[in-house]
Each structure stands twice: as structure tokens, then as C-alpha cells.
Amino acid sequence: MSPSSHSEYDNHLRVSFVADPDSGLRAIHAIHRPVDGRTGGGIRFRPYARDDETLTDVLRLSKAMSHKFARAGLPAGDAKTVIIGDPAKLKTPELLAAYARYVESLGGLHIAGPDIGTNADDMTDLAKTTRFIAGRSDLSGTTAIPTARGCFSALKATIWAAFGRDDFAGLRIAIQGVGGVGGVLVQMLADAGADLVVADIDQAALDAAAALGAKVVSPDKILAADVDLLSPNAMGAVLSKTSIPTINAKAICGCANNQLATPDCAQALVDQGILWAPDYVVSAGGAIDGSKDAGLITAQESAAKIDGIGAALAAIFDSAKRQSITTEAAAHALAEDLITQFE
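A quick note: this is a predicted structure, and the numbers were derived from the prediction, not measured. Per chain, residue numbering runs from 1 following the sequence as it is written. Selection of residues for local features in this predicted model requires a pLDDT of at least 70, selection of side-chain atom pairs for listing and counting requires 80 or more, and totals for whole chains, interfaces and linings are taken over all residues. Excluding hydrogens and water, the side-chain figures rest on all heavy atoms present in the structure.

*Asks:* What should I look at first to understand the pattern of salt bridges in this one?
*Replies:* Should their charged atoms come close, side chains of opposite charge can pair. A carboxyl oxygen of Asp or Glu within 4 Å of a side-chain nitrogen of Lys or Arg is what we treat as a salt bridge. All chains considered together, the criterion is met by 19 salt bridges. Ionic pairing is found between E8 and R60, a salt bridge with its closest N-O pair at 3.9 Å. Pair noted here: E8 is in the segment before β1 (14–20) and R60 is in helix α1 (residues 51–71), with a separation of 52 residues, a long-range link. For R44, the salt bridge identified is with D115, shortest N-O distance 2.8 Å. Taken together, the residues span a long stretch of sequence, with R44 in strand β3 (residues 39–46) and D115 in the loop between β5 (110–114) and α4 (120–126) at a distance of 71 residues. Several salt bridges converge on common partners, so that one network encompasses R44, D57, K80 and D115. Helix numbers and strand numbers start at the N terminus; a helix is a DSSP run of H or I with at least 4 residues, a strand a run of E with at least 2.

In C-alpha cells:
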């Protein structure tokens, strides 16, 4: 399929298919919109059933990064990489070096960071071959911590808007995905007194959450758990016309990218009486921290922006309520206004 004929194509600057037969690398890199000749975005490494699913994911993710970067006020454009395959089987130093050579060939147009299937140690390996890497373990460590910090700020704004409360004591929260960001959130929310229900496919991650007092349920039960708030922190497209009617939570706030399976799911959530926090606002902490690593903002600016995610989300909730529109529509309008300021 030609990228330009794909339904998710949105005048992307470039979509590159990257391959290296010697290492087994197969990847797609999509640049949506540069700012001052720069873009940033994570490297996702996972298997896909079909090539068209891979293209759909990378186009959607790169578009979402546009709003994430703009909403966070970051001086860079947006892009995303998907490496195709099971990282447990295919990830090797040779494959990472092959992808790093591609990043280096762009001459600074793109700064790459970690995403699902890659981590801070991988970024350190990539940095042996290319200068244009953020989120390295030898610099600031995992981006899971700043991402979770931003999500915690967003969660506080969400429970105030949904329940009129500013503490988590006794609040029932379901967390889908407790590795990485979700694992850090479990610790933060347990410390804050929340009652947690969790699900994951990683037994070690589940054991760590259970040790903190979380109740473990199977992945197919987590969306319909009897809780006050649902926090998706795994894969995207979990909020669909099929799943939304089964959700018992009155609010949703998590860091999984592209949570809405289709755009009309935003209205379906409103119809169900569920307050949804747009994911690209909630999950911006990692991108903000990566921009610090790349030298685009200072450490002080990074900390302020991450701590300000809750305030940004509160403004979106207020705008949606005043205009009687979905939170997705409110977030989109505010992000588009900010995008024009960078053009």
C-alpha cells in the first residue's frame, strides 16, 4: 500500500521503509511535521500480523506526536519509528546499529528515543552509532519515570474533574499494563492510598504490583473492572465501540498511545458518561524529558512542563465542558492553535 493513499496519511513530510538484510532489520519511519528542521519520536519494536497494520500504527503514532509536542510547547516536530518483529527474538546490537545508521543519515532531522519494545539501554547502544538519540541510560535513565510523573499529575486533574476530590485514598483504580510506566504508577498510586487492580502479560511485573497490594486480574477482565478510574498503559486502540459499553469506570487516564480505536469513540465515551483524558497530553512526560536530553530545553524547563501536565489537562476539561464538546475535540483545537505558533 502506498503511504499517501492510506487513510491515516496526513501530508507527512516523509515515510521511509528501512531494511538491512544482514541484521534482519525491517522498519518504517514516519515524519509528520518538522519544526526548525527537527523532529523527535520513539522507536517501537513489536510484531505485527500484517504490513498494513504496521503502516497504520506508524502513521497514527507520528500524527499523535504532533499534538503531544505542540501541547507540551516543545521546539521540535514529530515522527515515529516501528521496527517489525519480536524484540525478544530479533533485537541484537547489529540490528540496533543498522537502524542507528539510518538515523545518522538524516543529519539531525530526527532525534530518536525509546518506546514499547525498546529501552534506555538500547538508546545507549544506538548512541554508539548516531549522535541523534535521547533517553539514554548513561544520561538520565529510563523515560518511564518522567512519563509516570506526568501521568500522576494528569490523574490528579482527572479525579478532580470527575469526582471533585484531590486525593487518591480509597479510590479504586484499574491499571492496564504494569511494566515500565505502569509499574512506576503502581508504586506512586499505592503510596497515595489508592486501591489498585492490575493486569499484564508479564508475570514478573504482576508479581511486583501484587507485592504492593494490587489485585491481579486477567488481561481480558481489566477494562470491565469495577473501579472508579481506568488507566490504560499498554497498547493502543483499547477504547472501541465493543469495549466502551463494558467499562464501569467513570474516568479514564493513562499513557497508552492512540487509545481511541476510531475517532468517534470520543463521543461514545461521552455518551457512556465517562471522562476521558486525551492520551497525548497525559503521556508527554517522556517526550519532554527526551527534549531535555537532546538539549532543546533545560532541566528546569523540563521539570516545570512535566509538573504542568495536570494544569494543561484541566484546561482541556474546562474547554470541553464550556463548549459541550468531547475532550478529544477540545485537546485537538488547543493543539492546532499551538502548532500554528511554531509554523
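*Asks:* It is not clear to me how the state of the cysteines should be interpreted in this structure. Could you clarify?
*Replies:* Note on terminology: a disulfide is the covalent bond linking the sulfur atoms of two cysteines. Here, a disulfide means two cysteine sulfur atoms that sit within 2.5 Å of each other. Scanning all chains against the criterion turns up zero disulfides. The closest cysteine sulfur to the non-disulfide-bonded C151 is located on C255, 3.7 Å from its own sulfur. With relative accessibility at 0%, the residue C151 sits in the buried group. Residue C253 stays outside any disulfide, its sulfur separated by 4.7 Å from that of C151, the closest cysteine. Partly exposed describes any residue whose relative accessible area lies between the buried limit of under 20% and the exposed limit of over 50%, with all areas from a 1.4 Å probe on protein chains only and scaled to the type maximum.

*Asks:* Whenever I open this one, the sheet that holds strand β4 (residues 77–84) confuses me. Can you help?
*Replies:* Remark on secondary structure: sheet strands pair via backbone hydrogen bonds, oriented parallel or antiparallel. In space, the five strands of this open sheet follow the order β1-β2-β4-β3-β5, with mixed pairing throughout. Strands with a single pairing partner mark the edges of an open sheet, and in this sheet they are β1 and β5. Between one strand axis and the next, the sheet turns through 25 degrees on average, direction left out of account. Two strands make a pair as long as DSSP finds a minimum of two bridges between them. Note: strand β2 (residues 25–33) against β4, six bridges, orientation antiparallel. Each residue of the ladder has a partner; that of R33, found in β4, is D78. Pairs of residues are marked as contacts when any of their non-hydrogen atoms sit within 4.5 Å. To define axes, lines are fitted to C-alpha atoms, for helices over the stretch in contact only, and angles between the resulting N-to-C directions are given on a 0 to 180 degree scale. Along the sheet face, α1 touches β1, β2, β3 and β4 and points at about 155 degrees away from the line of β4.

*Asks:* Sorry if this is basic, but what is going on with the layout of surface pockets here?
*Replies:* In this approach, a probe sized like a water molecule rolls over the atoms, and the result shows the empty space that is left. The pocket and cavity definitions rest on a 1 Å grid over protein atoms only: a 1.4 Å probe that fits but cannot leave marks a cavity, an open set with protein on both sides within 12 Å along at least five of seven lines marks a pocket, and residues lining either have an atom within 4 Å of a point. Grid points are joined across faces, edges and corners, and a volume is the space filled by probe spheres set on the points. What the second largest pocket holds in volume is close to 540 Å³. Elements with a contribution of two residues or more to the lining of the second largest pocket: β2, α1, α9 (279–282) and α13 (327–342). In terms of residues, the lining of the second largest pocket owes the most to one element, α1, which gives five residues. Residues are sorted three ways: Asp, Glu, Lys and Arg are charged, Ala, Val, Leu, Ile, Met, Phe, Trp, Tyr, Cys and Pro are nonpolar, and all the rest, Gly among them, are polar. Each residue belonging to the lining of the second largest pocket can be placed in one class, and the counts come to seven nonpolar, seven polar and nine charged.

In short, shape yes, function no, at least from these values alone.
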